[in-house]
Amino acid sequence: MLRTEEMLLNVGPQHPSTHGVFRLVLKIDGEIIKEAKPVIGYLHRGTEKLAENLQYTQIIPYTDRLDYLAAMTNNYVLCHAVETMMDLKIPDRAEYLRVIAMELGRVASHLVWWGTYLLDIGAVSPFLYAFREREMIINMLNELSGARLTFNYMRVGGVKWDAPEGWIEKVGEFIPYMREQLKGYHDLVTGNEIFMNRVKGVGRYTKEDAINYSLSGANLRCTGVKWDLRKDEPYSIYDRFDFNVPVQEGGDAWARYHVRLAELEESLKILEQAVEQFPKEGEILAKVPKIIKAPKGEAYVRIESPRGEIGCYIASDGKKEPYRLKFRRPSFYNLQILPKLLEGENIANLIAILGAIDIVLGEVDG
Amino acid sequence: MVEELLQSQPGLLNFGIFFLLATVLLLVVLGFVTYAILAERKVMGFMQLRHGPNQVGGRWGLLQTVADVLKLLLKEDTIPKLADRPLFILAPVIAFAPAFMVLATIPLTDHLQFADIGVGLLYYIAISGLTTVGVVTGGWASNNKYALLGGMRAAAQMISYEIPLVMSVIGVILFAGSLNLNDIVAAQDEQGWFILWQPIAFLVFIIASVAELNRTPFDLPEAESELVAGFHVEYSGFRWAFFMLAEYVYLFAMASLTTVLFLGGWLPPFDFLGFIPGAVWFALKFSVVIFFLVWIRVTFPRLRADQLMEFGWKVLLPVALANIFLTALVKELLKLF
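Residues numbered from 1 in each chain as written. Chains lettered and ligands numbered in written order. Predicted model: local features only at pLDDT ≥ 70, side-chain atom pairs only at ≥ 80, totals over all residues. Heavy atoms only, no water.

Peer 1: Outline the overall build of chain B, supporting the account with residue identities and numerical values.
Peer 2: Of the regular secondary structure elements, chain B holds 14 helices and zero strands. Secondary structure elements in chain B, listed N-terminal to C-terminal, are α-α-α-α-α-α-α-α-α-α-α-α-α-α. In terms of principal-axis extent, the alpha carbons of chain B reach across some 70 × 50 × 45 Å. Expressed as a percentage of its 337 residues, the buried residues of chain B come to 51%. Across chain B, every contact between residues at least 6 apart in sequence was considered, and the portion connecting residues at least 24 apart equals 75%. Carbon and sulfur atoms make up 74% of the accessible area of chain B, which totals about 15800 Å². Side-chain charges of chain B comprise 19 positive and 24 negative groups, with the mean position of each set lying 11 Å from the other. (Helix = DSSP H or I, 4+ residues; strand = E, 2+ residues; numbered from the N terminus. Buried < 20%, exposed > 50% of the residue type's maximum accessible area, 1.4 Å probe, protein only. Contact = heavy atoms within 4.5 Å. Areas by Shrake-Rupley, 256 points an atom, 1.4 Å probe, with all protein chains shown as cover. Lys, Arg positive; Asp, Glu negative; His and termini not counted. Charge placed at Lys NZ, Arg CZ, Asp CG, Glu CD.)

Next comes the structure, spelled out in structure tokens:
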């Protein structure tokens, strides 16, 4: 007797394309997905709980390990939250260093996304090209902070280290180089017929879906919602720069690809202006007490990370440790739409859809 | 010599000679495969900002593949508990044997050919189709879901691309008037290389052969980002090496066939260059084809299974059929004048 049956397929936690330890339990009929159930938590370290027993400066290294591809933004969101509670005035030089570091981080993060996404789609070379450029950024951030990935660079009130001599010029030289490389990226990949066929119309959702699922970052902007916290709720010194918020209407993986590549260019624009305006002299740390105590009360701040809106909520009872700390981790929220997108797709599209969301498992699992 | 032997009485001596010849061919092929893998890794490294092998065997990594093969020989040979044991063991052999069998008919020069079969081209195509059986068997016998999906993809892909491949060479056959590979090269001596006469067939043939070889952008059966390793996910050690070996021997065979069918085999491009031996020309053209295949692999992303099918049936096959019609027409028109 011939019969067909659904097959249960475990994708992950050890799988080349889940970008970390992420597991998907699929019910498939042939190669068509009937139901997808994401299982997360393999990388959970309890950052938020740990933070309750740590002084504010001690929490910073933990934030490095959330979104480890753009650790500078995580550093910043925590410091920004504490600074907001303490109502600190940050020296200009420190703010510029922070913005340059964050935007470099954004470029590096998008480069990793671009490379690994193409790797998911089946092209190996772009990954290595992207990492060549990322390596330069990592080296620059290494010179700045002394670490390649987990920078632990920012402090409440400013930054830990001043820029070494000639560093700003180095960043300045990197910008035109990166622009040149971006052209190469477009030549190699963007116009490629096979690539277009793989991503066009794949993983499409509407503006309403995106808002209902609380998506942010490129995942939101790809549906035509012009929402970027750097522009709409300027923090730090972002109001001093002239840049655009790239938006696409498609809502599919193709639109997300274009939004991210356009964001790379906008980040370079910000970097260019920041390098130009960079103050020659000045403090890098505001006057802060040795032991930082946030005043009693609570605060929620949100900023634009490469993956979307990262928020930090602190409730303090006036001690040197927070009473409660919570991160709004954009990867975690962006991932929620995945089961809906996967229904009825085939396995090859699964990879293209998951990759286009751009998750970092350190951030998903907290 | 082979002709005479074939005509003579069967005996132990004849068997010995044939056995020896086959061993020589095997050694030649294995020697080639060793360095083709190295060349591919070096070229890929060059294109991907890497060095490629540069430790074992001097700075060119000349012994890297040898070391890899030795490592694979020493590795533990694991067979999953719930696998279909006999089939699991048989599959790599089924995949590899045809790859080696097809090589016999390839004329490397006008003298160096191991079996001059009248329907050499047909033989090649028929035998090379058998490898799919090995791949599907391996995928099925592993008792692994990823392997099964890979095996199914392989079956679907091979069937879809075998047909345009065969259809595309019909144009060549019409021009040469023979299925014998020697005659096809001889015909190119008179008429010029078939890549000039049959550009459409050449394109279809190259695309279909990349698909036959399971290489990017058609590497769906072993798509590492989707199916981990596809049909050979459960294989390890030397059984795995056999699958890889089959793949690279096919690379050798396909590049040779492309050279013979479209690039004039061992013929020099211009007559005044005829003093250079045919083997050199063959090797040169053949290397260009190999380089081209590696280049494709480095550049392109992977197609999706349904797009692959669509492309095979809706684009390649009609184009190949139209080419047959066009070829016949041109041939008739040429006769008129």
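Continuing now.
Peer 1: Talk me through the confidence of the model for chain B; I want residue IDs and the actual numbers.
Peer 2: Looking at chain B, the pLDDT average stands at 82 and 97% of residues meet or exceed 70. With a pTM of 0.86, the predicted complex shows an ipTM of 0.79. (pLDDT = per-residue confidence, 0-100.)

Peer 1: Please give an account of the interface of chain B and chain A that cites residues and values.
Peer 2: Facing 23 residues of chain B, the contacting portion of chain A comprises 34 residues. Interface area, chain B with chain A, both sides summed: about 2500 Å², of which 58% is carbon and sulfur. Our count for the contact surface shared by chain B and chain A stands at zero salt bridges. Taken together, chain B and chain A are joined by nine residue pairs in polar contact (both at pLDDT 80 or more). Mapped by element, the contributors of at least two residues to the side of chain B that touches chain A are α7 (145-176), α11 (224-227), α13 (278-299) and α14 (305-336) of chain B. No other element matches α7(B), which puts four residues into the side of chain B that touches chain A. (Buried area = accessible area lost by both parts, 1.4 Å probe. Salt bridge = Lys/Arg side-chain N within 4 Å of Asp/Glu carboxyl O. Polar contact = N/O pair within 3.5 Å; in protein donor to acceptor, adjacent residues only side chain to side chain.)

Peer 1: Tell me what's going on with the pattern of salt bridges, and back it up with residues and numbers.
Peer 2: Here the idea is simple: oppositely charged side chains can pair when their charged atoms come close. Residues and elements named next belong to chain A. Scanning all chains against the criterion turns up 32 salt bridges over all chains. The residue D92 makes a salt bridge to R240 at a minimum N-O spacing of 3.1 Å. Taken together, the residues D92 in helix α4 (residues 92-121) and R240 in the loop between α10 (229-232) and α11 (253-277) connect sequence positions 148 residues apart. Exposure remark for D92: the relative accessible area of 35% places this residue in the partly exposed category.

Peer 1: Explain the packing of aromatic side chains to me, and be specific about the residues and the numbers.
Peer 2: Residues and elements named next belong to chain A. All chains considered together, the criterion is met by 27 aromatic pairs over all chains. Residues Y96 and F241 carry aromatic rings whose centres are separated by 6.2 Å and whose planes lie at 80° to one another, so their mutual orientation is edge-to-face. A residue pair is termed long-range when its members are at least 10 positions apart, and Y96 in helix α4 and F241 in the loop between α10 and α11 qualify at 145 residues. The exposure class assigned to Y96 is buried, which follows from its relative accessible area of 3%. By relative accessible area, F241 is classed as buried at 5%. Aromatic pair F174 and Y177: ring centres 6.2 Å apart, planes at 45°, arrangement tilted. Placement of the pair is F174 and Y177 together in helix α6 (residues 167-190), with a separation of three residues, close to one helical turn. The buried category is assigned to F174, whose relative accessible area is 3%. Overall, Y177 belongs to the partly exposed group, its relative accessible area being 27%. Cluster of aromatic residues (ring-pair linked, three or more members): Y76, Y96, Y235, Y238, F241, F243 and F278. The ring centre of W161 lies 5.2 Å from the NZ or CZ of K160, which sits over that ring. (Phe/Tyr/Trp six-rings, centres within 6.5 Å; stacked < 30°, edge-to-face > 60°. Lys NZ or Arg CZ within 6 Å of the ring centre and 35° of its normal.)

Peer 1: Quick rundown of empty space enclosed by the protein? Include the residues and the values.
Peer 2: Counting across every chain of the model gives three cavities of 30 Å³ or more. Empty space within the largest cavity amounts to approximately 170 Å³. Lining the largest cavity are 14 residues; nearest its centre among them are B:T131, B:M158, B:E212, B:N214 and B:Y250. Of all the secondary-structure elements, those providing two or more residues to the lining of the largest cavity are α6 (131-141) and α12 (237-262) of chain B. Counting residues per element, the lining of the largest cavity draws most heavily on α12(B), at five residues. In terms of residue class, the lining of the largest cavity is made up of nine nonpolar, three polar and two charged. Its volume calculated, the second largest cavity comes out at about 50 Å³. Of all elements in the fold, only α3 (71-86), α4 and α5 (125-145) of chain A reach the threshold of two or more residues within the lining of the second largest cavity. A breakdown of the residues in the lining of the second largest cavity according to their chemical character gives 10 nonpolar, one polar and no charged. (1 Å grid on protein atoms, 1.4 Å probe; cavity = no way out; pocket = protein on both sides within 12 Å on 5 of 7 lines; lining within 4 Å. Points joined across faces, edges and corners; volume = space filled by probe spheres on them. Nonpolar A, V, L, I, M, F, W, Y, C, P; charged D, E, K, R; others polar.)

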